Amino acid sequence: MPPKPSLPAIKISPRGATRLKSGHVWVYRSDIVSADGIPPGSLVTISDPRGKPLGTALYSTSSQIAVRMLSADPIADLPALLRQRIANAIAYREGLVRDTDAYRVVFSEADFLPGLIIDRYNDILSLQVLTQGMDANPIRETVISELTEHLHPASVIERVDPRVRELETLPPRASGLLQGERTSTTFTMNSVQFLYDALEGQKTGAFLDQRENYAAAAQYAHGDALDVFCYQGAFALHLAPRCPHVTGIDSSRPALEVADKNATLNGRDIEWIEANAFDLLKDYASSNRRYDTIVLDPPAFAKTKRDLDAALRGYKELNLRALKMLRPGGILVTCSCSYHVSESNFLEMLAAAALDAHRTLRLIEVRGQAKDHPVLLNVPETAYLKCVIAYVT
Ligand code: SAH
C-alpha cells in the first residue's frame, strides 16, 4: 500500500501549547502561529513552537476556536475513532441515565466529539453540527450509521442553527429528516410525558439538561407554585402532583400551546400565562401575590464575558421579586444556564438578593446539569447550568 499522505500541520504559540498541556481541548485563533492554506474542517496535526507534536485536531478557518483537539496521538483511522467514541458515549449513558427515554447521547467536547450534539427523544434522534470539521459528509455518514446500529431510531433529524453555520462559513442548510420519516413522538422523563415535534421548538426540542433538576425540585415543592420561564411546562408538570395550584409563565405562545397539550397528556390542570416575566413579576409582587414554590429558569442572560454585570443585575432583579413573593417556608428553585456566570457569581447574587428582600435562604441543593451532559473537569466551558434549590424564611 502507498503510505498515507501526511496531515496538514499547525504550529501553535507557547500560550496555546500550555493550554493544551493543562488538559484543555481548544486552541484560539490568536494562538495559531501558522496554518496557511489549510482547508476548512481539515484533520490536522498540532505541534508546539519547537515542533513537538501535541496531537490531532479538527481545524476551523472561521471560528475564534480555530482548533478542537480530537486526540493527543496520531489518528490512523478517523471513522473508526468516531465510531468508538459514539459507542463509548452510548455506554456511558447506559450506566448513568435513569427514568427517561430522552437524553443527550453525545455532548460535543465532553464526549470527545467536538462540534457534534446528538439528543434522543424516545425513537427519534436529533443531530446538531456546530463546526466545519463535523459537517463533512463522510463524518456525518459514519456518525449516523454508528448511532443507528446501537439505538435503532425510527428517524434521525438534523436541527440547524443558521447563525452557527454562518459563523462557521458553512453553506446554508435546512433542518429536516436525514433518515426515516417520523418527525414527532412522545417521550417520558421521570414518569412525566411530553410531546416532541422534531422540527419545532427551541434547542433540539426540550431542555434535557434540566431533567434531574425537575425531579429534585418536585421533591420539595408544595402549595401554590409558579413556574417562571416555563417553556413547554416541564417544571410545572413535575410540580403538579405535589402542588394543588400551578401556574406557568412564558412569553412564547407556541411554547405555551405545547405546554397545554403536555398538561392534557398527563391529566393535569395547569394555568398558563403568556407574558413578559419581568413585568408580570413586578405586578404580582406589588399586588401582594404569594406563592409557596417558585421556579426561575430564564434564558442565558450572559452570552459573553462582557455581559456578566448586566446579567447579574437581571438575575438579581428576578430573584429579588421571587423572594418577596414566597411565603415563609417557601421553596425557591433558581437557575442560570449562562456559562459566564459561575456558580460562585450566582450564589453571591442570590445572597445579595436575599439581603435586599430581608429573607433568609437555606441551601437545600446546589445542582448542575444532568449527567448526560457531562462536565470535563479540565474544560470549564462544559459546565454551564446552575440550579439552586433553597428553603426561604
Ligand atoms: N424551564 C424551561 C426552559 C426555559 S427556557 C424548561 O425546563 O423546559 C427560557 C424560556 O424563557 C423560553 O421558553 C422563552 O420563551 C422564555 N422567555 C424569554 N424571555 C422571556 C420573558 N421576558 N418573559 C417570559 N418568558 C421569556
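Residues numbered from 1 in each chain as written. Predicted model: local features only at pLDDT ≥ 70, side-chain atom pairs only at ≥ 80, totals over all residues. Heavy atoms only, no water.

Structural notes on the environment of Ala-234
Residue placement: Ala-234 occurs in helix H7 (residues 234-239). On the basis of relative accessibility, which here comes to 12%, the residue Ala-234 falls in the buried class. A sequence separation of 25 residues divides Ala-234 from Ala-259, and the C-alpha atoms of the two residues are 7.8 Å apart. In this structure Ala-234 touches Phe-194 and Tyr-214, once residues within four positions along its chain are discounted. (Helix = DSSP H or I, 4+ residues; strand = E, 2+ residues; numbered from the N terminus. Buried < 20%, exposed > 50% of the residue type's maximum accessible area, 1.4 Å probe, protein only. Contact = heavy atoms within 4.5 Å.)

Regarding the side chain of Ser-63
The topology assignment puts Ser-63 in the loop between strand E5 (53-59) and strand E6 (65-71). A polar contact is formed between the side chain of Ser-63 and the backbone nitrogen of Ile-65, at a distance of 2.9 Å. Residues contacting Ser-63, with those up to four places away along its chain left out, are Arg-29, Arg-68 and Glu-168. (Polar contact = N/O pair within 3.5 Å; in protein donor to acceptor, adjacent residues only side chain to side chain.)

Observations regarding the pattern of salt bridges
Using the criterion set out here, one finds 20 salt bridges in the structure. The partner of Arg-83 in a salt bridge is Glu-146, with the nearest N and O atoms 2.7 Å apart. Of this pair, Arg-83 sits in helix H2 (residues 78-96) while Glu-146 sits in helix H4 (residues 137-151); the two residues are 63 residues apart in sequence, bridging distant segments of the chain. By relative accessible area, which is 28% here, Arg-83 ends up partly exposed. In this structure, Arg-211 and Asp-372 form a salt bridge, with 2.7 Å as the shortest nitrogen-oxygen distance. With a gap of 161 residues between them, Arg-211 in helix H6 (residues 211-220) and Asp-372 in the loop between strand E19 (361-367) and strand E20 (386-392) connect regions that are remote in the sequence. Across the pair, Asp-372 and Arg-211 agree in class, each one buried. (Salt bridge = Lys/Arg side-chain N within 4 Å of Asp/Glu carboxyl O.)

Re the sheet that holds E20
The 7 strands lie next to each other as E16-E15-E14-E17-E18-E20-E19, forming an open sheet whose pairing is mixed. The open sheet has two edge strands, strand E16 (271-274) and E19, and neither has a second partner. Direction aside, neighbouring strands of the sheet carry axes that sit 15 degrees apart on average. Alignment of strand E18 (residues 326-336) against E20, held across 7 bridges, turns out to be antiparallel. Bridge assignment links Val-333 to a residue of E20, and that residue is Ile-389. Lying on the sheet, helix H8 (residues 253-265) is in contact with strand E15 (245-250) and E16; it crosses E16 at an angle near 175 degrees. Sheet contacts for helix H10 (residues 308-325): strand E14 (224-228), strand E17 (291-296), E18, E19 and E20; angle to E18, the most-contacted strand, approximately 155 degrees. (Pairing = 2+ DSSP bridges. Axes fitted to C-alpha atoms, helices over the stretch in contact; angles between N-to-C directions.)

So, the packing of aromatic side chains
Counted by the stated rule, this structure contains 13 aromatic pairs. With a centroid separation of 5.2 Å and 15 degrees between ring planes, the pair formed by Phe-187 and Phe-194 is classed as stacked. Ring plane angle 90 degrees and centroid distance 4.7 Å describe the contact between Tyr-214 and Phe-235, whose orientation is recorded as edge-to-face. With Tyr-214 in helix H6 and Phe-235 in helix H7, the pair connects residues that are 21 residues apart, well separated along the chain. Comparing Tyr-214 with Phe-235, the two get one shared label, buried. Over the face of the ring belonging to Tyr-284 we find Arg-289, whose NZ or CZ atom lies 3.9 Å from the ring centre. (Phe/Tyr/Trp six-rings, centres within 6.5 Å; stacked < 30°, edge-to-face > 60°. Lys NZ or Arg CZ within 6 Å of the ring centre and 35° of its normal.)

Concerning the nonpolar core
If you look at the biggest cluster of nonpolar residues, it comprises 37 residues, and the most contacted ones within it are Phe-187, Trp-272 and Val-333. Broken down by secondary-structure element, the contributors of at least two residues to this core are strand E12 (184-189), strand E13 (192-197), H6, H7, H8, E18 and E20. Looking at this core element by element, the count peaks at 5 residues for H7. If we ignore the near neighbours within four places in the chain, the residues touching Phe-187 are Asp-101, Ala-102, Tyr-121, Asn-122, Val-192, Gln-193, Phe-194, Leu-195, Tyr-196 and Ala-206. Grouped together as the second largest cluster of nonpolar side chains are 33 residues, Val-228, Leu-281, Leu-323 and Val-341 included. (Core = buried A, V, L, I, M, F, W, Y, C linked by side-chain atoms within 4.5 Å.)

Topic: H2
If you check H2, its first and last C-alpha atoms are 27 Å apart, about what 19 residues at 1.5 Å a residue would give, namely 27 Å. Burial in H2 covers these residues: Leu-78, Leu-82, Arg-85, Ile-86, Ala-87, Ala-89, Ile-90 and Arg-93. For H2, the elements touching its buried residues are strand E4 (43-47), E6, strand E7 (102-107), helix H3 (132-135) and H4. Sitting at the amino-terminal end of H2 is Asp-77, which places a side-chain oxygen 3.2 Å from the backbone nitrogen of Ala-80. (Expected span 1.5 Å × (residues − 1).)

Quick notes on the environment of Ile-249
Here Ile-249 lies in strand E15. Here Ile-249 falls in the buried class, since its relative accessible area comes to 0%. If near-sequence neighbours (up to four positions away) are discounted, Ile-249 is found in contact with Leu-226, Asp-227, Val-228, Phe-229, Cys-230, Ile-273, Ala-275, Ala-277 and Leu-280.

Comments concerning the sheet that holds strand E10 (residues 155-158)
In any sheet, the strands associate via hydrogen bonds between backbone groups, in a parallel or an antiparallel arrangement. The strand order across the open sheet formed by 5 strands is E7-E8-E9-E10-E11, and the pairing between neighbours is mixed. Since the sheet does not close on itself, it has two edges, and those belong to E7 and strand E11 (176-179), each with one partner. Taking each pair of neighbouring strands and ignoring which way they run, the sheet shows an average axis angle of 25 degrees. Judged from the 3 bridges that link them, E10 and E11 form a sheet pairing that is antiparallel. Among the inter-strand pairings, Val-156 is bridged to a residue of E11, identified as Gln-179. In the packing of H4 onto the sheet, contacts are made with E7, strand E8 (116-121), strand E9 (124-129), E10 and E11, and the angle to E9 comes to roughly 155 degrees.

Remember, this is a structural readout, not a statement about activity or role.
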